[in-house]
Amino acid sequence: MAASATAATVSLGCASFSKRPPSLKPRVVSDLSFVTSQLSGIQISCHPSVLERPLSAHFKPALQPVARRICPFTGKKANRANKVSFSNHKTKRLQFVNLQYKRLWWEAGKRFVKLRLSTKALRTIENNGLDAVAKKAGVDLRKK
């Protein structure tokens, strides 16, 4: 890579970095793709075949997604409220639903089903039955 006699060049794997004096203008070379920072004068180059590959091809998230704080039976979710201090200073906060993990006997399936539901949904299930509440909410108990 020939930029100038006064430019310093550093090569790191696929990318090459060179520091040009501010007086030199960036040159376009057909076989390399250049990204030039106008503020610092750093030129980053990489071969076009590297840029054709998708960046997220080998990406795997380190952590599993966290379950949402929402009740599948009642649809209850967090309420946005104000935390009020003694000096009446208000700051936003969330009031989360009282979700509990509960093993319930499912009569139609003849087995226990472990569910994460709100205490309001638990009272509704005690009154109306698990099958009726699940059918009304559109929850498939066979998956759980």
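Residues numbered from 1 in each chain as written. Predicted model: local features only at pLDDT ≥ 70, side-chain atom pairs only at ≥ 80, totals over all residues. Heavy atoms only, no water.

Chemist: I would appreciate a short explanation of the overall build of the protein chain in the present structure.
Modeler: Of regular secondary structure, the protein chain possesses three helices and eight strands. The secondary structure elements of the protein chain, listed N-terminal to C-terminal, are β-β-β-β-α-β-β-β-β-α-α. Put simply, the protein chain has 144 residues, and 19% of those count as buried. Taking the contacts inside the protein chain whose residues are at least 6 apart along the sequence as the reference set, 35% of them involve residues at least 24 apart. (Helix = DSSP H or I, 4+ residues; strand = E, 2+ residues; numbered from the N terminus. Buried < 20%, exposed > 50% of the residue type's maximum accessible area, 1.4 Å probe, protein only. Contact = heavy atoms within 4.5 Å.)

Chemist: Explain the pairing of strand β6 (residues 90-95) to me, please; I cannot follow it from the model alone.
Modeler: Strand residues, when the strand is regular, have side chains that alternate between the two faces of the sheet. Strand direction decides the pairing type here: strand β5 (residues 79-84) and β6, joined by six bridges, are antiparallel. When the bridges of β6 are listed, N79 appears paired with Q95. As consecutive antiparallel partners, β5 and β6 are separated by five residues, and within that stretch N88 has a phi angle of approximately 65 degrees, a positive value. (Pairing = 2+ DSSP bridges.)

Chemist: Help me out: how do you make sense of the packing of aromatic side chains in this one?
Modeler: To describe a pair of aromatic rings, you give the distance between the ring centres and the angle between the ring planes. The final tally for this structure, using the stated rule, is one aromatic pair. Arranged with centres 5.1 Å apart and planes meeting at 75 degrees, the rings of W105 and F112 form a pair that is edge-to-face. Look at W105 and you get partly exposed, because its relative accessible area is 41%. Under the relative-accessibility criterion, F112 is labelled partly exposed at 42%. Above the plane of the ring of F96 lies R69, whose end atom (NZ or CZ) is 4.0 Å from the centre. Sitting over the face of the ring of F112, R103 holds its NZ or CZ atom 4.0 Å from the ring centroid. (Phe/Tyr/Trp six-rings, centres within 6.5 Å; stacked < 30°, edge-to-face > 60°. Lys NZ or Arg CZ within 6 Å of the ring centre and 35° of its normal.)

Chemist: I would appreciate a short explanation of the pairing of strand β7 (residues 99-106) in the present structure.
Modeler: As defined by bridge partners, β7 adjoins strand β8 (residues 111-118) across eight bridges and the pair is classed as antiparallel. Bridge pairing in β8 places W105 opposite F112. Joining the antiparallel neighbours β7 and β8 is a turn of four residues, in which K110 adopts a positive phi near 55 degrees.

Chemist: In this structure, what is going on with the nonpolar core? I would like to understand it.
Modeler: As a rule of thumb, nonpolar side chains are buried together in soluble globular proteins. By size, the foremost hydrophobic cluster in this structure holds 17 residues, and its most contacted members are F73, L104, L115, L117, L130 and L141. Of all elements in the fold, only β7, β8, α2 (119-128) and α3 (130-137) reach the threshold of two or more residues within this core. The contact partners of F73, leaving out residues within four places of it in the chain, are L115, L117, A121, L130, V133, A134, A137, V139 and L141. (Core = buried A, V, L, I, M, F, W, Y, C linked by side-chain atoms within 4.5 Å.)

Chemist: Would you explain unusual backbone geometry in this entry?
Modeler: Residues other than glycine predominantly adopt negative phi, and peptide bonds predominantly adopt the trans conformation. A positive phi angle, close to 65 degrees, is found at N88, a residue other than glycine. Structurally, the position occupied by N88 is in the loop between β5 and β6. Positive phi, close to 55 degrees, is recorded for K110, a residue that is not glycine. Structurally, K110 is set in the loop between β7 and β8. Classification of K110 as exposed rests on a relative accessible area of 55%.

Chemist: Got a minute to help me understand the confidence of the model for the protein chain in this structure?
Modeler: Close inspection of predicted coordinates is inappropriate in any region flagged by low pLDDT. For the protein chain, the mean per-residue pLDDT works out to 76, and 55% of the residues sit at or above 70. Within the protein chain, no element has a lower average pLDDT than strand β3 (residues 33-36), which sits at 49, and none a higher one than β5, at 97. (pLDDT = per-residue confidence, 0-100.)

Chemist: Even after reading the chapter, I still don't get α3, so can you show me in this structure?
Modeler: Helical geometry: 3.6 residues make up each α-helical turn, so side chains three or four residues apart lie on a common side. Among all positions in α3, only L130, V133 and A134 are buried. Each buried residue of α3 lies within a common arc of 95 degrees when the element is viewed along its axis, so the set occupies one face. Projecting away from the buried face of α3 at angles above 90 degrees are the exposed residues K135 and K136. The inward-facing, buried residues of α3 abut β7, β8 and α2. Remark: G138 follows α3 within two positions and exhibits a positive phi of approximately 80 degrees. (Arc of directions from axis to C-beta.)

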